[in-house]
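Single-letter residue listing:
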Amino acid sequence: MRFAVIQGSKDWTDAKPSSYAPVRGVDVEDVHAEARRRLKALKIDEWKMREFVTGVSIPDDIRHVALQIEFASQAISRLSPIPSDYADDIYWPRVW
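Residues numbered from 1 in each chain as written. Predicted model: local features only at pLDDT ≥ 70, side-chain atom pairs only at ≥ 80, totals over all residues. Heavy atoms only, no water.

## With respect to the pattern of salt bridges
Pairing of side chains with opposite charge becomes possible as their charged atoms draw close. Scanning all chains against the criterion turns up four salt bridges. The salt bridge involving Glu34 is made with Arg38; its shortest N-O contact spans 2.9 Å. One end of the pair, Glu34, and the other, Arg38, are both in helix 1 (residues 28-41), four residues apart, so they sit about a helical turn from each other. Summarising the burial analysis for this pair, Glu34 and Arg38 share the class buried. A salt bridge links Glu51 to Arg63; its shortest N-O distance comes to 3.2 Å. Here the residue Glu51 occupies a position in helix 2 (residues 44-54), and Arg63 occupies one in helix 3 (residues 60-77), the gap between them amounting to 12 residues. The partly exposed category is assigned to Arg63, whose relative accessible area is 34%. Among the charged side chains, a salt-bridge network with shared partners connects Glu34, Arg37, Arg38 and Asp89. (Salt bridge = Lys/Arg side-chain N within 4 Å of Asp/Glu carboxyl O. Helix = DSSP H or I, 4+ residues; strand = E, 2+ residues; numbered from the N terminus. Buried < 20%, exposed > 50% of the residue type's maximum accessible area, 1.4 Å probe, protein only.)

See the structure below:
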């Protein structure tokens, strides 16, 4: 409850938000976008291109972290409900 002044008198009213914008929940696509962001930071596309062009395979530690990120993305997207802080490092593998 909040205290409000209405036309010179004092009255107790329920607090109402100024706008009723719908609260958007976390979607599976949001989690996958976070995974793509983390893979981009890992430069996995550059490693895959290097492997394709030179034939030298992706280092095992890079490949392992990329697999962990993909696994975490799948696991987080299966949670019900998906936590609003899904982008927190607690849910994702430690990179270095």
